[in-house]
Amino acid sequence: MAHSLKPLHTFALNNQCQHFVEITSVEQLKAHRFSAPFCLLGEGSNTIFLENYTGTVIKMATKGITITERENDVLVSAAAGENWHNLVSYLLDKNIAGLENLALIPGTVGASPVQNIGAYGVELAQFVESVEYIDIATKNKVTLTNAQCEFAYRDSIFKHALKNKAVITQVNLALPKKWQPVLSYGPLNVLQNPTPKKVYEQVIAIRNAKLPNPYTLANAGSFFKNPIISNACLQALLLRFADVPHYPYGESHHKVAAGWLIDQAGLKGYAVAGIEVHQQQALVLVNHGNSKGSDLITMITHIQNTVFARYGITLEHEVRLINTHSECHIITEHAQ
């Protein structure tokens, strides 16, 4: 029986899936008979269904948070279906700090390690002690250490070796009792006598000023990854574009601001059908409605081509795109 996908992903394309299952317990998950194709989903804030999906969409809705105090840190264990921002707020109310730079990131706890969510100088990987998942083939529970998760920029083992083989059920975070503010991101520098609450409030203010609320204007958040380029490529780029924002990434690379590249290429406000490059933040694509997956593909390709022609840099989409039966990647010819 067809089930509407429009309310299940924040980009809200009007497509359907063949079957839909909501998982509210680990026991229910173990009992579920997985058959291909299937798509795991949290709150759908980083997933777009381009077409009608021929398989089963499995939404993780498990709940539960436990807090264990240890000598030097606090262990926070949260179920996959918990809302990420609500977890950050809940912990701050209990005077447990560390995640404030990651406030207001949409989505669930279970989705957070998959792409190693990050914002304003902080990545989730800094706090992950372990991630628990159910092996789809054996139905056994498996626990991975931080190192075994193979975290990288917007990346993890769950996007590669464990893709479609694991369902994350719990994330265990170790938050140091000795709080260290991370204020490297420009607008956080202005904070005087920073406290976790002040950082949290400032991050929320910045995000609200820059990013549209996906529940009032359909979008999937930051659409493209910030490209990572070699130091040599950066020096060549700076000769032509002296003000390009860039940040060190290891010793031999830098991260360049994708939103700036799109903005300076003159693409703010560019539209295909009801899909538009957001007027305030060029890194975000918004959906005003009456749009199809093919319109989005046209938009992505145009942005990639325009940015490559101007800067020689290939943009990769951060958002997960699902076609009729599987995840797909839109990448233009020049990037092969």
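Everything discussed here concerns the structure shown above.
Here's what I pulled together on the structure shown here. Keep in mind it's a predicted model, so treat the numbers as computed, not measured. (Residues numbered from 1 in each chain as written. Predicted model: local features only at pLDDT ≥ 70, side-chain atom pairs only at ≥ 80, totals over all residues. Heavy atoms only, no water.)

### Side note on the pattern of salt bridges
Two side chains that carry opposite charge are able to pair once their charged atoms sit near each other.
For step 1, the next point in the chain: Enumeration over the complete set of coordinates arrives at eight salt bridges.
For step 2, the next point in the chain: A salt bridge links Asp 73 to Arg 70; its shortest N-O distance comes to 2.8 Å.
For step 3, the next point in the chain: Under the relative-accessibility criterion, Asp 73 is labelled buried at 18%.
For step 4, the next point in the chain: Relative accessible area serves as the criterion here: at 27%, Arg 70 is assigned to the partly exposed category.
For step 5, the next point in the chain: It is possible to trace a salt-bridge network through shared partners that takes in Arg 70, Asp 73 and Glu 129. (Salt bridge = Lys/Arg side-chain N within 4 Å of Asp/Glu carboxyl O. Buried < 20%, exposed > 50% of the residue type's maximum accessible area, 1.4 Å probe, protein only.)

### Section: the side chain of Gln 304
For step 1, the next point in the chain: By secondary structure assignment, the location of Gln 304 is in helix H6 (residues 293-311).
For step 2, the next point in the chain: Classification of Gln 304 by relative accessible area gives buried; the value is 0%.
For step 3, the next point in the chain: In terms of polar contacts, Gln 304 uses its side chain to reach the backbone carbonyl oxygen of Ile 330, at 3.0 Å. (Helix = DSSP H or I, 4+ residues; strand = E, 2+ residues; numbered from the N terminus. Polar contact = N/O pair within 3.5 Å; in protein donor to acceptor, adjacent residues only side chain to side chain.)

### Some details on the sheet that holds strand S16 (residues 253-256)
By way of backbone hydrogen bonds, the strands of a sheet pair with one another, either parallel or antiparallel.
For step 1, the next point in the chain: Within the open sheet, the three strands sit side by side as S14-S16-S15. Their pairing is antiparallel. Among the strands making up the open sheet, the edge pair consists of strand S14 (228-230) and strand S15 (246-249). Put simply, the sheet's adjacent strands are angled 40° from each other on average, direction ignored.
For step 2, the next point in the chain: In this sheet, S16 lies alongside S14 in antiparallel orientation, the contact comprising three bridges. Its bridge partner lying in S16, Ile 228 is registered against Lys 255.
For step 3, the next point in the chain: Seen against the sheet, helix H4 (residues 231-240) touches S14, S15 and S16 and runs at an angle of roughly 90° to S14. (Pairing = 2+ DSSP bridges. Axes fitted to C-alpha atoms, helices over the stretch in contact; angles between N-to-C directions. Contact = heavy atoms within 4.5 Å.)

### A short note on the pairing of strand S2 (residues 16-23)
For step 1, the next point in the chain: Bridge count for strand S1 (residues 3-4) against S2 is two bridges, and the pairing is antiparallel. By the bridge assignment, Ser 4 is partnered in S2 with Gln 16.
For step 2, the next point in the chain: Pairing between S2 and strand S5 (residues 53-60): six bridges, direction parallel. The residue bridging Phe 20 from the neighbouring strand is Val 57, located in S5.

### Looking at the packing of aromatic side chains
For step 1, the next point in the chain: A complete count under the given rule lists eight aromatic pairs for this structure.
For step 2, the next point in the chain: Here a set of aromatic residues connected by ring pairs shows up, and it is made of Phe 241, Trp 260 and Tyr 311. (Phe/Tyr/Trp six-rings, centres within 6.5 Å; stacked < 30°, edge-to-face > 60°.)

### Some words on the layout of surface pockets
For step 1, the next point in the chain: Approximately 310 Å³ is the volume attributed to the second largest pocket.
For step 2, the next point in the chain: Lining the second largest pocket are 17 residues, and of these Leu 104, Ile 105, Pro 106, Asn 213 and Pro 214 sit closest to its centre.
For step 3, the next point in the chain: Contributing elements (two or more residues each) for the lining of the second largest pocket: helix H2 (84-93), helix H3 (196-210) and strand S13 (218-222).
For step 4, the next point in the chain: Its residues assigned to classes, the lining of the second largest pocket comprises seven nonpolar, eight polar and two charged. (1 Å grid on protein atoms, 1.4 Å probe; cavity = no way out; pocket = protein on both sides within 12 Å on 5 of 7 lines; lining within 4 Å. Points joined across faces, edges and corners; volume = space filled by probe spheres on them. Nonpolar A, V, L, I, M, F, W, Y, C, P; charged D, E, K, R; others polar.)

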